[in-house]
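Spelled out from the first residue to the last, the chains are:
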Amino acid sequence: MTIAPQIENSWKSALGEAFFAPSFAQLKAFLVEEKKQHTVFPPGSLIFNAFNLTPFDDVKVVILGQDPYHDFGQAHGLCFSVPDGMQHPKSLINIFKELNDDLKISVPASGNLTRWATQGVFLLNATLTVRAHQAGSHQNKGWEQFTDAVIRQLSQKRDGLIFLLWGNYARAKAALIDRQKHYILETVHPSPLSAHAGFFGCKHFSKTNEILRKLGKKEIEW
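Here's what I pulled together on the structure shown here. Note that the structure is predicted; figures quoted are calculated from it, not measured. (Residues numbered from 1 in each chain as written. Predicted model: local features only at pLDDT ≥ 70, side-chain atom pairs only at ≥ 80, totals over all residues. Heavy atoms only, no water.)

1. Some thoughts on the environment of H204
Position of H204 among the secondary structure elements: in helix α8 (residues 204-214). As a C-alpha pair, H204 and A175 span 29 residues in sequence and 20 Å in three-dimensional space. Once residues lying within four places of it in the same chain are set aside, the contact partners of H204 are D102, L164, W166, L185, E186 and T187. (Helix = DSSP H or I, 4+ residues; strand = E, 2+ residues; numbered from the N terminus. Contact = heavy atoms within 4.5 Å.)

Structure, rendered in structure tokens:
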């Protein structure tokens, strides 16, 4: 499995050292063997979809997920997103419900969030691959070291980014972010198990656009 060549050039430049880390070599070896025996999602060409749709210098907002959806046809390299024509997963249903409550935006027919990504919303999963039908199966194989490096690079080399951290796993990544340079909005995960404990009513979509206005940046058309 070839990995590094499939990532957009500005990210390749920003993350050069991360591709040569021992943990990344171990990850590549793991993925080569994994693909010999199992189905892996998303397809190889979409592993770095979030990076390819949102170049390093274009990032305005970061939403952090945990790992890809693990059923056929769902994962396409953007956290919380599914391709056109796929049923909306439960967490995405709750994201759209909060968006409707917050900004009165109608729930879209498609759960494809590419339209967010192309506006500067970086939809990053902490783990970028998963074995079919086995949630979390590629955690602790090396992806976390790589995506932590991604967050550090954004924190160090960019200014005025807005990080939306939903759930305890994402909130733990706040330690990687310079709060003097960036904005962090935190709440519980949009999962049905926790959404009623603070995700509903968080108004992160309107708050994000308020910050972008203050910074003189174009707002996101959610």
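2. So, the environment of N209
When you line up the elements, N209 lands in helix α8. Note on N209: relative accessible area 6%, which makes it buried. Along the backbone, N209 and N49 are 160 residues apart, and their C-alpha atoms lie at a distance of 24 Å. If near-sequence neighbours (up to four positions away) are discounted, N209 is found in contact with E219, I220 and W222. (Buried < 20%, exposed > 50% of the residue type's maximum accessible area, 1.4 Å probe, protein only.)

3. Describing the packing of helix α4 (residues 90-103) against α8
Relative to each other, α4 and α8 sit at 60 degrees, their axes nearing to 8 Å. It follows from the interaxial angle that α4 and α8 lie oblique. Between α4 and α8, the contacting residues are I95, E98, L99, D102 and L103 on the first element and H204, F205 and S206 on the second. Taken together, the residues of the contact of α4 with α8 break down into four nonpolar, two polar and two charged. (Axes fitted to C-alpha atoms, helices over the stretch in contact; angles between N-to-C directions. Parallel < 35°, antiparallel > 145°, perpendicular 65-115°, else oblique. Nonpolar A, V, L, I, M, F, W, Y, C, P; charged D, E, K, R; others polar.)

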